[in-house]
Amino acid sequence: MELPRNETERHAVYRNIIRECEYGRQDRRERFRRLKLLNLTGSDVGARSRFNSLKEWSNLSTSLIYASENVRYGVSFPPYYGDAWDEEARLAREELHRIWFSKESALAETAGLAVQQAHHADTSIAKLFVSQGRVMADVIADPSEVCVLDEHRRWGQQEAIVHYFTVSVPAFWRMLQGEPDEARRNELMRLAIDHATPSSEARGDALPPTVSRIILSSASSTLVGNVTNTYDTALAIPRSRDKVVSLAELWIWDDRAAEMCGKCRERKDYWRHHWPDNAGGHKWEASGHYLPDWRVATNFLATEDILWDPVNPLGIEGHPFFPLCYDPMPGYLWGVCPMEQQIALQLERERQFAELILRNDLDVDPPMAMYGVPSSDGERTKTYRKPGGDIPMSSPNARVEPIRPTPLPDKFEFIREIDGMQLRQAGIPRAMAGQTDPGVRSGEQAVALALLGAGPTMSRAMVVEDFLESLGTAALKLHRRLCDRPLVKADGSRFLLQQMPGDFTAKVWAHSASPIYTEQLKEIVLVAHAKGLITDEAALTFLNLPGTDALLRDSKKLQAAKAEMAKKAVATEEAEAQSKVTTAEAKLIQAKTPN
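Before going into details, it helps to say that this report is about the structure given with it.

What counts, and at which threshold
Residues numbered from 1 in each chain as written. Predicted model: local features only at pLDDT ≥ 70, side-chain atom pairs only at ≥ 80, totals over all residues. Heavy atoms only, no water. Salt bridge = Lys/Arg side-chain N within 4 Å of Asp/Glu carboxyl O. Axes fitted to C-alpha atoms, helices over the stretch in contact; angles between N-to-C directions. Helix = DSSP H or I, 4+ residues; strand = E, 2+ residues; numbered from the N terminus. Parallel < 35°, antiparallel > 145°, perpendicular 65-115°, else oblique. Left-handed = near helix turned anticlockwise from the far one by under 90°. Contact = heavy atoms within 4.5 Å. Nonpolar A, V, L, I, M, F, W, Y, C, P; charged D, E, K, R; others polar. Phe/Tyr/Trp six-rings, centres within 6.5 Å; stacked < 30°, edge-to-face > 60°. Buried < 20%, exposed > 50% of the residue type's maximum accessible area, 1.4 Å probe, protein only. Polar contact = N/O pair within 3.5 Å; in protein donor to acceptor, adjacent residues only side chain to side chain. Pairing = 2+ DSSP bridges.

## Regarding the pattern of salt bridges
Inspection of every chain in the model, using the stated rule, returns 30 salt bridges. Here the residues in one salt-bridge network are Glu-22, Arg-25, Arg-29 and Glu-145, joined through shared partners.

Put into structure tokens, the structure is as follows:
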């Protein structure tokens, strides 16, 4: 959209859009919290289930579609560059791996949390940001804190995205250091202190519906009793009394965000405009033409003041939100979480389990039918059931019979059937869950059947791979803008990541993110290496053996030694050939010379 040039009018537009984006936030929040409660407890009433098959399924599914230690990226450029940047792409790939597995950046950890959360959230969202001069990422704990202007459209078609979040008062003070006006900075800080509130949510905010019922501790005939206080039974609820400030970050598409340079057609803050001419830079030239981009407006919700609204501060294409949805729905942005199809089976499984426990209790301590026994009150007959209890018989035909439920041929047959239905619903073959199908005679047959039935799981792994590629590409582009440390090529020359083209993409190599594909990949790599189709370095990279970095260095040294030996062997052969030629020529000359 085209935003007003006037600041007051533009800020008014920001406030209205933030209010409009909040329309479906409350419904999504309640839905997510109940799904989270089900995932944590296996129950829709907040009580602990006897066996939480939902958690078992999400853990198993996550382990099949994502393994952070196996992820291997490749950096590729468009074909019009040819092989001009091959060596730089290899070094950029190694740099991406370094920041991806860095504990400070937490990119690999964030991806794992997003993959796990997407099983019980309609859409899991990871956010990329810069902190302390480095690229970082984190999962948005409650996806309902991210709202859009139109939930009918896809992410690539959104005009506005809002992220509601809180920051501590010291963090807010650090944010204000970018404000040049000291008086306004002090005033905003004063307002923040006045409106700061404890970060913990209100008690009972995530309570399941049935907890609101009246619990009577001592019921009477008139149903008069004492009401017992209830509490939130949900797990993983953070508690803190630290004061926080509520903010809303609006990412809005501005069709006239920044004027582009007439020479390079880039924004004014592009690196070439700050470098000298002899290093590939040039002076910025106004063109009168504009580039569309995201503009970021930060709203101080307590007073609805717009703190600032710069053009995309990340300096890369796109917004910092990376959604992951396993079951997208046409016409609805957020999709439906796959756990939705498992809930009814879990509740039915829990009900069947409770019935089995009741049958066991009735079998161990059954009711008694007494014939010819003097009638007594309930308290007296209870003594008959205790060890050493005596039962008086007033008639020779008197008898006492236990009333036990009819024995079942297989108590857990129906529960096993429910477990199988859950696996089929999730697209996970029994062999991948550590179970054996009847009639399978060999391990190879089990593997083949597992792969034939793993189509939905493999499709989910491809969704995760797309998510990893988007996150990895954006992380490397952002790191490219921040990194001022040169990388060293094989010939000893140095270059900065900013010097290579920015239109690259980070691709996950050979589906290495999923353990299902990784096992197949190892066999293919060994065959390809045996036939000489790939180098030793490529084989080591794909196999991901322990100490791969050291093995790669040893492999390079070994290849260099082999090349040197081959060079010496060729030189020796050439010298021997030259010696033979010289000897033959000498013999020929000697033969032609008369005695």
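## A short note on the packing of helix 5 (residues 107–117) against helix 12 (residues 455–482)
In contact at an axis separation of 11 Å, helix 5 and helix 12 are set at 150° when each is read in the N-to-C sense. Here helix 5 lies roughly antiparallel to helix 12, going by the angle between them. The handedness of the crossing between helix 5 and helix 12 comes out as right-handed. Between helix 5 and helix 12, the residues in contact are Leu-107, Ala-111, Ala-114 and Val-115 and Val-464, Phe-467, Leu-468 and Ala-475, respectively. Here the contact of helix 5 with helix 12 is composed, by residue class, of 8 nonpolar, no polar and no charged.

## Quick notes on the side chain of His-97
Looking at the secondary structure, you find His-97 in helix 4 (residues 86–100). With near-sequence residues (within four places) excluded, His-97 lies in contact with Val-71, Arg-72 and Tyr-73.

## Points about the packing of aromatic side chains
Under the definition given, this model contains 9 aromatic pairs. Plain terms: the ring middles of Phe-77 and Tyr-81 are 5.9 Å apart, the flat faces sit at 75° to each other, and that makes the pair edge-to-face. For Phe-77, a relative accessible area of 17% corresponds to the buried category. The class of Tyr-81 is partly exposed, set by a relative accessible area of 25%.

## Looking at the environment of Arg-10
Looking at the element boundaries, Arg-10 is found in helix 1 (residues 7–21). Note on Arg-10: relative accessible area 11%, which makes it buried. The sequence separation of Arg-10 and Ala-297 amounts to 287 residues, and the corresponding C-alpha distance is 10.0 Å. With near-sequence residues (within four places) excluded, Arg-10 lies in contact with Leu-3, Pro-4, Arg-5 and Asp-309. At a separation of 3.1 Å, a polar atom in the side chain of Arg-10 contacts the main-chain carbonyl oxygen of Arg-5.

## Concerning the sheet that holds strand 3 (residues 134–139)
Paired through their backbone hydrogen bonds, the strands of a sheet run either parallel or antiparallel. Ordered in space as 3-2-10, the 3 strands form an open sheet in which the pairing is antiparallel. Strands at the two margins of the open sheet, each flanked by one partner only, are strand 3 and strand 10 (321–324). Neighbouring strand axes in the sheet, compared pairwise and without regard to direction, differ in orientation by 25° on average. Pairing of strand 2 (residues 124–131) with strand 10 involves 4 bridges; the strand directions are antiparallel.

The quantities given are spatial measurements derived from coordinates; they are silent on function.
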